[in-house]
Structures are given as C-alpha cells and as structure tokens.
Amino acid sequence: MSFQAPFALLWFLPVGGFILALYLLRLRRRDFRVPASFLWPERQDEVRANSLFQRLKFNWLWVLQLLALAFLVLGLARWQVRQENVSGLTTVLIVDASASMGARDVAPDRFGVAVKRAESLVAAMKPGDRMAVIESGASPRVATGLSQDQAKLRQGLGSLRRSDAPSDVGEALRLAMALVGRDGESRIILLSDGCFDPVGSVSRGKSQIIFEPFGTSSENLGIQALGTAETPQGLQAYVGVKNYGRAQASTSITVYADGKAVSSHRADIAPGQTIGKTVSLPPGTERVSAKLGQGGALACDDQRTVPGNPTGSVKVLLVSKGNLFLETGLNLDARVVLDKATQVPASELASSPGQGAYDLVVFDSEPEIAVKAPMTVSFGKGGGASPAEVGGKLPTPQVLSVRDDGLMDGVSFDGVYLASVYAAKPRAGAQALAEAASGPIAVFRATPKIQAYFAFDLLDGDFPLSVSFPILLGNILDKAAGSERQGLTAIATGQVVGLPGKDGESVDVKDPTGEVSQTTALNGRFTFRNLDRVGEYAVGSGTAAKRYLANMVAERESDIAPVKEFAIAGGEPVKSKPAEQFADLWKPLVALMMGVLALEWFVFMRRS
C-alpha cells in the first residue's frame, strides 16, 4: 500500500475541523413565546443554551460527512495497493522445468510452486489480457500459445512436465521474444530458481523481462563421477561425491554391481569439497550403480549407473582453438572425460614412447597428425595423417547421399547449410560415407586405426544447430567406446539420441517408470528427444533392445543455491522482482464517497 500524493492527506485536518466547528456553533433562533417549555422536552437543552458554542454531541450526520471527507482525501492522495501485474498486458510465462526445480526445499518442490504461481497469474487475468505458457526444458516447448482463454491456459499448465535434464533458458527467452518481442505492452515472466547456464545473446525487443526466483536452500550432495577401469587388481569402480552446499554434510555411499551391494560406507564432506572412493567389482559386471543415503534437497543426482565394461568410458582430447558446440556436445555425454588443447601434447604423438592416454582425438579445423589414440575424427583442414587428401575450398555443396553405417546412422544433411567444403579424396583403405556433387564430404577408414574425416569446418554453416549434430557425436562416441557391441550406453539426461529406421516404422521406448511409448522414424531415422529422466530406457524389445542409462551429470543443476538475478550476454542483469503492479484506488474511493453522501442525505431527510 502506498500513496502517490501523500501530502493531500493533510487536507483532512482543516476540512474535517471545519465540519466539526459547524456542529459546535449554536444555532441562532428567533424568540418565540410558548405557554410551557415542558411541551418540548427534547428542546430544553437548546432553550437553556445561551453561548455562541455548544458541546459537541454525537450525530450521525457529522460522522458520515467526515467519512465522506476521508474517502475524498484518500482519493486525492492517490491511494494504491499491489496486485498481480498481468492486467491489460500480453504476457508470456516461462516455467523452468529443469532438474534443479525438483529440489524439495519448498513443498511439494520448486517446480510445483512455480506452476501454482503460474496458475495464480492466469487467474488474475482481466478481460482482453492475453497470455502464453512456455515449458523451459532441455528443448523449450510452447505449452499454450497466446490466448485469452483461461481454461486453455490452465490446460497448458497441466501439461507441463519437469525433467532431470538442464534447461535451455536462453532458447526459451528467444522463443518468448518471437511471440511478443514487438509488443511494447508485453512482458515475459520467468519462473525459475536461476540454476541454469549463462544465457547467451538475446534480443530483448520491447518486452519487459521479469524474474521470479524460487527455492530457499543450497544444501545438496550429488554424485559427481562414476566410472570403471581394468586395473592390476581387477575391475574397479571410482565414485566421486561432492557437497554443493554451504554446510558440512554426511551421507552413506553404496555401490552396486548388477543390483547387488558390494560396498557401503559413510562419509563426512566439507562444503564445496569432493571425496572419492575406489571399489573392487566382480568380473563380468554389466551395470555399476552408486547411490547416496542422504543426498540433500535434490534427488536426481543421488544415483548414477554406468556400464561395467570400462570401454564405456571415453577419454577424449579435443584439439581446437575454441568451439563451444563441440565442447558442449561432447560434455553432454556421460561417458566422456574431455580434455582440451590447442595442439596435441608431445606425449600423445605417435612417435613418442609409451601408451596414449586417450581413446579419441578430435581435430577441430586443425591439421590431423599421427597420434597414439585408436580413433581420430577431424573436421576441416585434413592433414598428413587424415584418411583423405584435402584440397582447396569449394562453394556450398549439394549433398547427394549419406551412407547408413555405424558412424552415419541417423545423420542427415537435409536442410543443413554448409557455406563451403574442402575438396577431398579418400586415401588408400578409406571410403566415402557422404557424397556431394563436388565429391566426398565424409570419409571413413577402419584400419590401421579408426579415422573419420568431415570436409567442412563446423563453424562454417549451421550443422551444429541441426538435430544431426548430437546424433553424429553420439555415433562417434559409440564407435570409440565400442558400445555398439554391448547394447548398453550411458547418456546424459536430455541428450538427443538417433537410430536408423525406415520411414513410417515404429519402435517401442520403455522409460524408467515402465511406461511404453512409440517413436516413428522420419527421414530415415528414429530421433529420441525425451530421454530426460534418470534411469534405464529400452529402445526396441527382447534381446535386440538397445538400452540407455540416463544420468543427471550437469553440475550447475546440482548446485541448487537459488539466485536473485541472472545475466544475459551483452545486456543488463535481470534482477528478481514479483510480477506485481500498483493499482490506483481513486475510482472506488470516489464511489464510496458518493455512497456515504447519499446515506447522509437519507439520514438528514429522515430527521427533517
């Protein structure tokens, strides 16, 4: 509650005093002689009064007049109260559906509270208001387009679903801007805990961005790492647990081999610290799991499962001067242990003694040289060790064919723009996997080591933005890990997975809860986008089913400390504030004043 013109309240004192003064004055009457004064007992006090002023007596008239004056003064002072800030506007609600919103530091959880808040904003809509709802998950989704229909908006809110994956808030903001960015009377309300990666460049348009944060606690423990390795002591698992909170925490850590507990101990972990433990596993273990007993407010990072075969983990060296697409895409795969360098370390060169430390070396627009790693992938320049002889650049190609094999399964260049490609010719033992009119754009060689060459720079086109990019990375990592043979793959929640398939053909997908859905192949591939809950997914049926172990591996989601503001690249930080506005009450106050004056007139007439 506030007043825009508080000094107007001072008018109540002189005007109210003047009204009371009128009731203190004695009425001047003409003398009129009567036979006896007892005939007018109710007038005897006035008969006896002989002074200019009289004692103030209670009278409903002056009470009503002062009340009308109070309403008038409050109206002149512009009395205002807070109310939901959606009336008269076009509004887009973005509800964060990421893993961190599953934290139970508020009841039932942050996501549930955010949805209830969205419902209250929908209920506060006035006639003529428009609203849209966007679910900000791994892939932003418009749950309800701009609409004035509250029932339709509530239905959209009911369809929101929280995932165990990171959210792309930047893409959700861009989607919202596309809906209302040109409307100067619009606003975008983000309902989130602020636990998301930095937001890239977003054209703010004319819309106002409002951030309402949720969450109260930062206390959380999470499994930071789980991997297996063959050692001289046999098959072993390493589990790392981190305390993301601000206070000392204690938890039990239990490791399972194919569902049977093989180790359990209790650990005290200081704030911000990570502890690790190595556990011996029985030979032939297929699945290794780790679980925390007291993991804090967030549950989805309290467990992790990986294949027991140590080849499931892939040590990758990325040789690049900087490529966020490649770095992010590789890090999203739970199997990957990624190192980056601008050039190959001397210890990894094929000419140096000893064994190499990496399973895969990726050359990003850097010449490929001979390394110890059993598999290499290069984009762009080629190099002396490349499986293709690489020439100069050619203009935008027209891709004619893509060969379906293990590396290119589900990969398509339809609709992909490549600004230029390198002229490439397969060397001895190599074969083309994708052909353009100008020649091969993807070359593969299986011996003496696995090599793949792509005749374009990733940043010279929009291939990294296509759905085929994460599928290609997944195929490359499958090849490096050898998981094609074991049919068991560890993935990050929300990771897009692709498999080859005939158009119109359907395949069953069984999620961790046991619910079965179907996916239909399109453009020669199955694309699975909803593997976003922690647990095991089975694609297909029977022994031929391909199984994916989905784990929440995003540390930013495990760090659940709510924030009060977030930054957008190239712009001012967006600070938290409630989606409210001040409503001016002068109209109802004037109506109340008129009503009181009417009542005062009625009382006066009754007494007259």
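Quick caveat, the model's predicted, so the values are computed rather than measured.

Enquirer: Explain the sheet that holds strand β14 (residues 303–307) to me, and be specific about the residues and the numbers.
Expert: If you trace the four strands from one edge of the open sheet to the other, you get β11-β10-β13-β14, paired in antiparallel fashion. The open sheet has two edge strands with one neighbour each: β11 (260–269) and β14. Averaged over all adjacent pairs, the angle separating strand axes in this sheet is 15°, with direction ignored. Pairing between strand β13 (residues 287–292) and β14: five bridges, direction antiparallel. The partner of V288 across the bridge, within β14, is V306.

Enquirer: Any chance you could break down the packing of aromatic side chains for me, citing the residues and the numbers?
Expert: Under the counting rule described, the total for this entry stands at twelve aromatic pairs. Measuring from centroid to centroid gives 5.2 Å for F211 and F566, while their planes differ by 85°, and the two rings are edge-to-face. Of this pair, F211 sits in strand β7 (residues 208–213) while F566 is found in strand β32 (residues 565–566), placing the two residues 355 residues apart along the sequence. Taking the relative accessible area as the measure of exposure, F566 reaches 6% and is therefore buried. The ring centre of Y256 lies 5.4 Å from the NZ or CZ of K291, which sits over that ring.

Enquirer: An account of helix α11 (residues 586–607) is needed here, citing residue identities and associated values.
Expert: Taking 1.5 Å as the rise per residue, α11 with 22 residues should run 32 Å; its terminal C-alpha atoms sit 32 Å apart, in good agreement. Among the residues of α11, L589, M593, V596, E600 and V603 are the ones counted as buried. Here the buried residues of α11 occupy an arc of 85° about the axis, which is enough to place them on one side. In α11, the exposed residues that point more than 90 degrees away from the buried face are K587, W601 and R606.

Enquirer: Describe in detail the side chain of T285, supporting the description with residues and values.
Expert: Residue placement: T285 occurs in the loop between β12 (274–280) and β13. Residue T285 is classed as buried on the basis of its relative accessible area, which comes to 6%. Side-chain polar atoms of T285 contact the backbone oxygen of P282, separated by 2.6 Å. Residues in contact with T285, not counting those within four places in the same chain, are L235, A257, D258, G308 and N309.

Calculation rules
- Sequence order sets the numbering: in each chain, residues are counted from 1 along the sequence as written.
- Side-chain atom pairs in this predicted model are given and counted only at pLDDT of 80 or more, local residue features only at pLDDT of at least 70, and totals for whole chains, interfaces and linings cover all residues.
- Values shown for side chains rest on all heavy atoms present in the structure; no hydrogens or waters enter the calculation.
- Pairs of strands are assigned from DSSP output, requiring at least two bridges between the strands.
- Each helix corresponds to a stretch of at least 4 residues labelled H or I by DSSP, and each strand to a stretch of at least 2 residues labelled E; elements are numbered beginning at the N terminus.
- Where helices are involved, their axes are fitted lines through C-alpha atoms of the stretch in contact, as for all axes, and angles between N-to-C directions lie from 0 to 180°.
- A pair of Phe, Tyr and Trp rings is counted when the ring centres sit within 6.5 Å of each other, with Trp represented by its six-membered ring. The angle between the planes then sorts it: under 30 degrees is stacked, over 60 is edge-to-face, the rest tilted.
- Only protein chains enter the calculation, and the probe is 1.4 Å; a residue is then buried if its accessible area is under 20% of its type maximum, exposed if over 50%, and partly exposed in between.
- For a ring to carry a charge above it, either NZ of a lysine or CZ of an arginine must fall within 6 Å of the ring centroid while also lying within 35 degrees of the normal to the ring plane.
- How far a helix is expected to stretch is found by multiplying one less than its residue total by 1.5 Å.
- Starting at the helix axis, one direction is taken to each C-beta atom, and the arc is that of these directions.
- A 3.5 Å cut-off defines polar contacts: any pair of N or O atoms within that distance qualifies, except that in protein one atom must be a possible hydrogen donor and the other a possible acceptor, and neighbouring residues in sequence count only when both atoms are side-chain atoms.
- The contact definition used throughout considers only heavy atoms, calling two residues in contact when any of these lie within 4.5 Å.

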